[in-house]
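Read off the chains here:
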Amino acid sequence: MSQIQDKTIGASLLAIGLFVFTYYSIWTLVMPFVDEGHAAHHLFPPQWYAIAIPVFLLVVGVTAVFGFLSFVMLKSGKKAAKKST
């Protein structure tokens, strides 16, 4: 990849991350103090999802990491067992 493509991809990822951070911050820090009838509530899911989505992603991520580590440890254990016999 050229340097221009790298910068474009980096700027895109930065913009997406900034948007997600801003949206989540407004959703969790500002919206609880806005009246229920306000039109801005139609832009955000219920507050329950503000906790459920990150917890779900954390559980999936930790499971994937430990699953990968288990796979690597089992595979290296089999190689060591073959080598010793």
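Look a little higher up for the structure.
Rules and cut-offs
Residues numbered from 1 in each chain as written. Predicted model: local features only at pLDDT ≥ 70, side-chain atom pairs only at ≥ 80, totals over all residues. Heavy atoms only, no water. Helix = DSSP H or I, 4+ residues; strand = E, 2+ residues; numbered from the N terminus. Rg over C-alpha atoms; globule rule 2.2 N^0.38 Å. Buried < 20%, exposed > 50% of the residue type's maximum accessible area, 1.4 Å probe, protein only. Areas by Shrake-Rupley, 256 points an atom, 1.4 Å probe, with all protein chains shown as cover. Axes fitted to C-alpha atoms, helices over the stretch in contact; angles between N-to-C directions. Parallel < 35°, antiparallel > 145°, perpendicular 65-115°, else oblique. Contact = heavy atoms within 4.5 Å. Nonpolar A, V, L, I, M, F, W, Y, C, P; charged D, E, K, R; others polar. Phe/Tyr/Trp six-rings, centres within 6.5 Å; stacked < 30°, edge-to-face > 60°.

1. A short note on the overall build of the protein chain
Broken down by element type, the protein chain carries two helices and zero strands. Taken over C-alpha atoms, the radius of gyration comes to 22 Å for the protein chain, far larger than the 12 Å a tight globule of 85 residues would show. Seen through its principal axes, the protein chain has C-alpha atoms that stretch 75 × 40 × 15 Å. Across the 85 residues of the protein chain, 7% fall into the buried class. For the protein chain, the accessible area works out to roughly 7500 Å², and carbon and sulfur atoms hold 76% of it.

2. As for the environment of glutamine 5
Along the chain, glutamine 5 turns up in helix H1 (residues 3-30). On the accessibility criterion, glutamine 5 (43% relative accessible area) is partly exposed. Along the chain, glutamine 5 and valine 59 lie 54 residues apart, while their C-alpha atoms are 33 Å from each other.

3. What about the packing of H1 against helix H2 (residues 48-84)?
Axis separation between H1 and H2 bottoms out at 9 Å; the angle between their running directions is 130 degrees. The angle between the axes of H1 and H2 places the two elements in the oblique class. Contact residues: H1 offers Tyr24, Trp27 and Thr28, while H2 offers Tyr49, Ala50, Ile53 and Pro54. Looking at side-chain class alone, the contact of H1 with H2 contains six nonpolar, one polar and no charged residues.

4. Focus on the packing of aromatic side chains
Inspection of every chain in the model, using the stated rule, returns five aromatic pairs. Here tyrosine 24 and tryptophan 27 contribute two aromatic rings whose centre-to-centre distance is 5.8 Å and whose plane-to-plane angle is 90 degrees, an arrangement assigned as edge-to-face. Here tryptophan 27 and tyrosine 24 lie together in helix H1, a separation of three residues that amounts to about one turn. One aromatic cluster in this structure is built from Phe19, Tyr23, Tyr24, Trp27 and Phe44.

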